[in-house]
Amino acid sequence: MTVRRAGRDALLVDCAGLEEATALHAEVRRRGLAVRDLVPAAATVLLDGLADPAGTAEQIGAWRLEAVETPPGRLVELPTTYDGPDLGAVADQWGLTEEDVVELHLATEFRVAFCGFAPGFAYCTGLPEDRTVARRSDPRASVPAGSVGLAGPWTAVYPTASPGGWQLIGRTEVRLWDAGSEQPALLPPGTRVRFVRG
Amino acid sequence: MGDAASTGRPPTSLRVVSAGPQTTVQDCGRPGYAHLGVPRSGALDEPALRLANRLVGNPEDAAGLECLLGGVVLEAEASTGVAVTGAFAPVRVEGRLLPWGVAVGVPRGGRVEIGAPTQGLRVYVAVDGGIDVPPVLGSRSTDVLSGTGPAPLADGDRLPVGAGRGAPSDAEAAPVPVRRELRLRLGPRDDWFTSASLAGLEQATYTVSGDSNRVGLRLDGAGLERARDGELPSEGLVLGSVQVPPSGQLVVFLADHPTTGGYPVVGVVEPEDLAACAQLRPGDAVRLRLLR
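- Under an unreviewed UniProt entry, the name given to chain B is Allophanate hydrolase, and the organism recorded is Marmoricola endophyticus.

Structure (structure tokens):
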């Protein structure tokens, strides 16, 4: 890990990859470090709003993360209809039939690595390493809420309608974002996700 | 103020006669939700909002109005108190020109008219009792990036105002000139750029671009030369991050910034200089001073 300053009162910790970032995120939470915002990402963890960033940097540098076990998150099932407009494009990229793509997606247990892009937009990891997907070269001006998409190694569900370049393979009726709720995101980081036929 | 006033004012409302180019409700934002992809939002010139609130006797973090380029007319449905701060703009209450930074009473049916700023860009209005729209995730702020919070004001809107104290401060404040130099603390990704181009940051003069908004202050000028190729996986961003996209145009991320981004952040603007970022106008010249 490399600990970097990000302005006066924040640290950005570079990790070897998602696994280490996930472990560090869990460790910061386990230790109850006082942060205003704690933002895990694909290979980093941001700690924002620290009273003593230099002291915290020193502290983190001494942590041993190997021993950390990520606590199993809550499991959410998302009933999904696999009729997305890009199902054929994904099948072509993977050299599979459309039904094989759907079966692989259904057989995978995903985990929310982090959120970003839009409120409640959860980057879910879990597909085999060789099953990555190139984004659409021509992003859509509007992707409907509930669309299930793939990009790079990730799967996500659009919580609200927005522009987007992910390859859309299906849709779910489940509401992923409710700003009026105490727990506004259905899929916060750490949540386990399974797609089931809807 | 007489005895009746010191017992406080009941909740009331303001009628938006003219909303101007872009007026939004802002308080000190909704930090703590970045991990869910929710921008922090809040007043871009936070010291100006806090001052306006102090002047009318509100808690400093009460919700007020942020008016881009003025052009706003408000009508009080009951007598209330207001203070206007931020950009230097002509403000009239019942047709009478106000000095900058004082709290004044507005009678029932009275109008507050905010003209176009002659210095700065964003005017802040505090009302005794605060703007009392329903909070979303702990804040009444409008976040223009994600659409969280109330919609920007439209002509004819009625804005609820909370119960007031009716005890404005008799303090006066003076406008501070807008800083033209932003202090930049290098990192976290300064090592993505050549040391020569980092040194050049301090020599260059940048121009505020017209496509700046609540998401970011965009600066045209000398780009930065990368010391390495490749892409950065998306990572968390802090307020004031200066991102360098391939176009080379620097973007200083302001309150409605995305919570993560994939272009390298060369440095972060010091918190005290963010108010200037809210008030710099398109075409203004800006310099950067590096803190290492």
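Back to the write-up after that little detour.
1. What to know about the overall build of chain B
No. 1: When you go through chain B residue by residue, the secondary structure sums to 4 helices and 20 strands.
No. 2: On C-alpha atoms alone, chain B measures out to a radius of gyration of 20 Å, which is about the 19 Å that the 2.2 N^0.38 rule sets for 292 residues.
No. 3: With the C-alpha coordinates of chain B rotated into their principal frame, the extents come out at 70 × 35 × 30 Å.
No. 4: Nonlocal contacts in chain B, meaning residues at least 24 apart in sequence, comprise 78% of its contacts between residues at least 6 apart.

2. Quick notes on helix α2 (residues 46-56) of chain B
Residues and elements named next belong to chain B.
No. 1: For α2, the full list of buried residues reads Ala48, Leu49, Leu51, Ala52, Asn53, Leu55 and Val56.
No. 2: On its buried face, α2 is in contact with β2 (22-26), β3 (64-68), β5 (80-88), β8 (103-106) and β10 (119-127).
No. 3: Phi turns positive, to about 90°, at Gly57, one or two residues after α2.

3. Things to note about unusual backbone geometry
Residue and element names in this part refer to chain B.
No. 1: Geometrically, the link from Gly187 to Pro188 is a cis peptide bond, its omega value of 10° lying close to zero.
No. 2: By the secondary structure assignment, Pro188 is in the loop between β12 (181-186) and α3 (195-203).
No. 3: Here Ser41, not a glycine, exhibits a phi torsion of approximately 60°, which is positive.
No. 4: Residue placement: Ser41 occurs in the loop between β2 and α2.
No. 5: Of the residues examined, Ser41 reaches a relative accessible area of 2% and is grouped as buried.
No. 6: Backbone geometry at Leu137 places phi at a positive 50°, although glycine is not the residue there.
No. 7: Tracing the chain through its elements places Leu137 in the loop between β10 and β11 (158-161).
No. 8: Take Leu137: its relative accessible area is 8%, and that puts it in the buried class.

4. Digging into the sheet that holds strand β4 (residues 44-48) of chain A
Residue and element names in this part refer to chain A.
No. 1: Sheet architecture is open: 4 strands sit in the order β1-β2-β4-β3, paired in antiparallel fashion. Because the sheet does not close on itself, it has two edges, and the strands there are β1 (2-5) and β3 (37-40). Shown here is a sheet whose adjacent strand axes are inclined to one another by a mean of 15°, direction ignored.
No. 2: With 4 bridges joining them, β3 and β4 adopt antiparallel strand pairing. Looking across to β4, one finds that Leu38 is bridged to Leu47.
No. 3: Sheet strands in contact with helix α1 (residues 18-30) are β2 (10-14), β3 and β4, and its direction is about 30° off that of β4.

Criteria and cut-off values
Residue positions within a chain follow its written sequence, with the count starting from 1. For this description, chains carry letters from A and ligands carry numbers from 1, given in the order in which they are written. pLDDT decides what is reported in this predicted model: residues at 70 or higher carry local features, side-chain atom pairs at 80 or more are listed and counted, and totals for whole chains, interfaces and linings draw on all residues regardless. Side-chain metrics in this entry use all non-hydrogen atoms of the structure; hydrogen atoms and water are not considered. Helix and strand labels come from DSSP, where a helix needs a run of H or I of at least four residues and a strand needs a run of E of at least two; each type is numbered from the N terminus. Within these notes, the globule rule equals 2.2 Å times the number of residues to the 0.38 power, and the radius of gyration is based on C-alpha atoms. The contact definition used throughout considers only heavy atoms, calling two residues in contact when any of these lie within 4.5 Å. To sort residues, take the accessible area from a 1.4 Å probe on protein chains only and compare it with the maximum for the residue type: under 20% means buried, over 50% means exposed, and anything in between is partly exposed. The criterion for strand pairing is that DSSP finds at least two bridges linking the strands in question. Axis lines are fitted to C-alpha atoms, over the contacting stretch for helices. Their N-to-C directions set the angle, which ranges from 0 to 180 degrees.

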